[in-house]
Amino acid sequence: PVSGLSSLSDEITISFWCFGDPNQQPRNNYTLEGRDANGNRVVNVHLPWSNSEVYWDCGNAGTGNYDRINALANLNDFSGEWNHWAFTKNATTGVMKIYLNGSAFVTGTGKTSNLSTIESFKIAGRGGDNYDGEYEGKIDEFRVWSKELSSAEIMAYMNIPVGSSHLQYADLLVAYNFDEVSGNDVLDYSPNANHAKMMGLPNRELWTGTENHF
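Scoring rules and cut-offs
- Residues numbered from 1 in each chain as written.
- Predicted model: local features only at pLDDT ≥ 70, side-chain atom pairs only at ≥ 80, totals over all residues.
- Heavy atoms only, no water.
- Phe/Tyr/Trp six-rings, centres within 6.5 Å; stacked < 30°, edge-to-face > 60°.
- Helix = DSSP H or I, 4+ residues; strand = E, 2+ residues; numbered from the N terminus.
- Buried < 20%, exposed > 50% of the residue type's maximum accessible area, 1.4 Å probe, protein only.
- Contact = heavy atoms within 4.5 Å.

### Examining the packing of aromatic side chains
The full count for this structure, using the stated rule, is 10 aromatic pairs. Relative to phenylalanine 87, the ring of tryptophan 56 has its centre 5.6 Å away and its plane inclined at 55°; by these criteria the two rings are tilted. Residue tryptophan 56 is located in strand β4 (residues 53-58), and its partner phenylalanine 87 is located in strand β6 (residues 83-90); the two are separated by 31 residues in the primary sequence. Among the residues examined, tryptophan 56 registers a relative accessible area of 0% and is labelled buried. Ring geometry for tryptophan 85 and phenylalanine 87: centres 6.3 Å apart, planes at 15°, overall stacked. Just as tryptophan 85 is buried, phenylalanine 87 falls in that class too.

Right, here's the structure in full:
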């Protein structure tokens, strides 16, 4: 559901843990994508593309053009082990950043396109009706914030659950921990309770305490 993303304008942070399938990566992945009513891309992450580069696209001036930053990643950054990735933008300052495990991965400046209204949004796939480019791997603790989180905040939050006592809880738009044991419902534990549905043929997997990050 996109209602929880309607307040996005000048700032955003998207964060999650992922574990790319080592038998499939690198390949042309749409790790997430959101589009406006005209089908224009508003947010998008390729993690990675087949060239092992990670791409962060964000913003839309209504012309189909968006801001982009990207950089080459190592194989173990996106395949065969859990890594935490975060993607931020502040259209007022014009700064876009990608963080890997809390540390800056790449930074871009002069990126001032605001976020237009997102009308479709998918995790591990394309935002429209196309089904090519699905993400091959595992995703956990997917969060979208209406603020540009700092490096220190990303580092502090990446290994802990977020609850109502959290300082930035009001800025948490959607949050999925994928802890449901069955069914197609995915519960949103943000203040907005924008529960989602699994599409296609995703699988749930059980991880032991020592394999989890929090």
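### A short note on unusual backbone geometry
The peptide bond linking glutamine 25 to proline 26 adopts the cis configuration, its omega dihedral lying at 0°. Here leucine 47 and proline 48 are connected by a cis peptide whose omega angle stands at -5°. In this structure, proline 48 sits in the loop between β3 (41-46) and β4. Located in the positive-phi region is alanine 124, a residue other than glycine, with phi close to 65°. The residue alanine 124 is located in the loop between β9 (120-123) and β10 (137-145) in this model.

### Overview of the side chain of serine 52
Mapped onto the fold, serine 52 is located in the loop between β3 and β4. The exposure class assigned to serine 52 is buried, which follows from its relative accessible area of 16%. In contact with serine 52, not counting residues within four places along its chain, are Pro26, Ala71, Leu72, Ala73 and Phe78.

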